[in-house]
Every structure is written in C-alpha cells, then in structure tokens.
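Residue-level structural notes
The chain contents come next:
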Amino acid sequence: MRVAVVENTVVSHLGQVGVALSEAGAKVEIFQPWNGGGLPVLDDHDALVVLGGEQSALDDHSHPYLPALAALMRGFGDAGKSVLGICLGSQILARGYGGDNILGKTVEFGWHDIRTTPAGQDDPVLSAAGENFPIFEWHSDTFTLPEGAVHLASSGGVNNQAFRMGRAAYGTQFHFEASTTVVDDWRQKLPQVMEKLQPGWLEQHPELAVSRGVPADAAGLALARAWVATINVAEAAETQKELLAGE
C-alpha cells in the first residue's frame, strides 16, 4: 500500500491518520510543494492525503502548485483511488471537482460538535464516528459542494463539514487527524495565533483537552482507520485501467 501525503505548511502532522496507516503497514511518501518540492505522480501511489495549511485554496499567486494539486486530487478520485483532503485539503478537493471556495466567512477554532447526515450515517468512513462527535477545527474558509458530491456531515456553524466524491475521495473541513498530542504541539508553536482566534482558549486548554479532546481522539482514530480501509489497491488499479482504455 503506497500512500502519498502532501503537506502544505511547516506545522503539518499526519496524527491519527499516520497511526492508522502505520497499523496497515502502508509505505508513506511525504511531498512538500510549499517548500519547493514536487507533487506525487498518480501511477506511483495507491492513495493520496492532502493536509491543511494557512493559505487559501485560491492562493495561486503565492502557492502556484495549487491548481495542479486540485487536478491531481480529482485524478486520483476519478481513477478509483482513495483520497483524503483535510481542512485546506478538503477545500482543494472541492475546487478540483468544480466547487466554489468561500474565503474568510466561517471561522471555527477548537473542538466543535459534528453531526453526520443520513448519508454520512450510511457511509463506510463517516459512520465509524457515530451520529455526533467532537473534533478539532481551525479554519476561516469553506466551499460549496461540487456537483455529484455526497454530503456527509455538518456543524452548527458550517454546513459542509464532510463530503465524498465517487468511491472514496473524501474531504473533511475538520481536523480529525489532530489528536490531543497534535493540538498540544500547535499550542506550543502557535500560541499567539490561537489566543487571537479565541481569547482565553489557552487557559482553558487543559480542561478542554480532557473533556473534549479525549472523545475527539477516539472519533478521529475511528475515522482514520475507516478511511485507510477504503484503500483497495486491486480495485483502484482496475478502475484506472478502464479509464485508460476508454481514452
């Protein structure tokens, strides 16, 4: 199982997704296009993960690789391969499939409650976390659902929290990879940013990490394991063969 991971910032963490990939014995290759590196090649990997970042999904002027990354995510999805876009990654996935990116309108920070839709409750990935669960959020942008998307989850403040395209191309606005360990690392590295977003949160963090973070850890790992289980090497290869034959 060969999995490409695209990082978009210096403080990226695979977190719970990394735990699930390690359990599955996956070979993980990291790409850092924000730092001058290249992007994965479709034929070289069975699945693609795109993590978050401080830029928007439309910041082509400062991150010129974004259009190619959006097309690559769609290419993986159309080939039947598993795709996971988290936060910025979900916004780029929506862009790749024709959705609109909406900038600066939906600020969410900290642990928030997520509700799965009826489709999410039947979905092989989202159903793993149950109908309601807390999870970490850190974003100010959102997106419209592309045509053909399956709407999987929402929150009180942001409707489009998770969606699926095709067999297994998933976008989640929330950071289910962000375990309490990951959040604590962000807290130590970016305290001023956090305090500006939500004054007083740093002081409340120890209590929140227990009351909200611990159940979020369980939900995040369940989601990560369920997504990794969608990586079907044989099925993805067959789908890609059919697509090539039709060209």
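A brief report on the enclosed structure follows.

Parameters at a glance
- Residues numbered from 1 in each chain as written.
- Predicted model: local features only at pLDDT ≥ 70, side-chain atom pairs only at ≥ 80, totals over all residues.
- Heavy atoms only, no water.
- Helix = DSSP H or I, 4+ residues; strand = E, 2+ residues; numbered from the N terminus.
- Contact = heavy atoms within 4.5 Å.
- Salt bridge = Lys/Arg side-chain N within 4 Å of Asp/Glu carboxyl O.
- Buried < 20%, exposed > 50% of the residue type's maximum accessible area, 1.4 Å probe, protein only.
- Pairing = 2+ DSSP bridges.
- Right-handed = clockwise from strand over helix to strand, strands pointing away.
- Core = buried A, V, L, I, M, F, W, Y, C linked by side-chain atoms within 4.5 Å.
- Axes fitted to C-alpha atoms, helices over the stretch in contact; angles between N-to-C directions.
- Parallel < 35°, antiparallel > 145°, perpendicular 65-115°, else oblique.
- Left-handed = near helix turned anticlockwise from the far one by under 90°.
- Nonpolar A, V, L, I, M, F, W, Y, C, P; charged D, E, K, R; others polar.
- Polar contact = N/O pair within 3.5 Å; in protein donor to acceptor, adjacent residues only side chain to side chain.

**Things to note about the environment of Gly-52**
Within the secondary structure, Gly-52 is located in the loop between β3 (47–50) and α2 (66–78). In this structure, the C-alpha to C-alpha distance between Gly-52 and His-139, residues 87 residues apart in sequence, is 9.2 Å. With near-sequence residues (within four places) excluded, Gly-52 lies in contact with Asn-8, Thr-9, Ser-12, Ile-86, Cys-87 and Leu-88.

**Looking at unusual backbone geometry**
Trans is the prevailing form of peptide bonds, just as negative phi is the prevailing case for residues other than glycine. Not every positive phi belongs to a glycine, and Cys-87 is a case in point at roughly 55°. Here Cys-87 is to be found in the loop between β4 (82–86) and α3 (88–96).

**Focus on the pattern of salt bridges**
It is possible for side chains of opposite charge to pair when their charged atoms get near one another. Counted by the stated rule, this structure contains eight salt bridges. For the salt bridge of Arg-225 with Glu-23, the shortest nitrogen-to-oxygen distance reads 2.7 Å. Of the two residues, Arg-225 sits in helix α7 (residues 201–228) while Glu-23 sits in helix α1 (residues 15–23), which places them 202 residues apart along the sequence. Relative accessible area serves as the criterion here: at 42%, Arg-225 is assigned to the partly exposed category. Accessibility expressed as a relative area gives 49% for Glu-23, which makes it partly exposed.

**Things to note about the pairing of strand β1 (residues 2–6)**
In terms of burial, β1 is largely enclosed, as four of its five residues are buried. In terms of strand pairing, β1 meets strand β2 (residues 27–31) through five bridges, oriented parallel. Residue pairing in the sheet places Val-6 in a bridge with Phe-31 of β2. Each parallel crossover has a hand, and the one from β1 via α1 to β2 is right-handed. In this sheet, β3 lies alongside β1 in parallel orientation, the contact comprising four bridges. The residue bridging Val-6 from the neighbouring strand is Val-50, located in β3.

**Points about the nonpolar core**
If you look at the biggest cluster of nonpolar residues, it comprises 46 residues, and the most contacted ones within it are Leu-126, Phe-133, Phe-136, Phe-174, Phe-176 and Trp-227. Those residues in contact with Phe-133, other than ones at most four positions away along the chain, are His-112, Asp-113, Ile-114, Thr-116, Leu-126, Phe-174, Ala-219 and Leu-223. Ala-4, Leu-69, Ala-70 and Leu-93 belong to the second-largest nonpolar core, a separate cluster that totals 23 residues.

**Some remarks on the packing of helix α5 (residues 180–189) against α7**
To describe two helices that pack against each other, one gives the angle between their axes and the distance between the axes. Orientation of α5 relative to α7, taken along the N-to-C sense of each, is 160°, at an axis distance of 10 Å. The orientation of α5 with respect to α7, classified from their angle, is roughly antiparallel. For α5 against α7, the interelement crossing comes out right-handed. Together, Thr-180, Val-183, Asp-184 and Arg-187 of α5 and Trp-201, Leu-202, His-205, Ala-209, Gly-213, Val-214 and Asp-217 of α7 make up the contact between the two elements. Per-class residue counts for the contact of α5 with α7 are five nonpolar, three polar and three charged.

**Some details on the side chain of Thr-9**
With respect to the helices, strands and loops of the structure, Thr-9 is situated in the loop between β1 and α1. Note on Thr-9: relative accessible area 9%, which makes it buried. In this structure the side chain of Thr-9 is engaged in a polar contact, spanning 2.7 Å, whose partner is the side chain of Glu-54. Residue contacts for Thr-9: discarding those within four places in its chain leaves Trp-34, Gly-52, Gly-53 and Glu-54.

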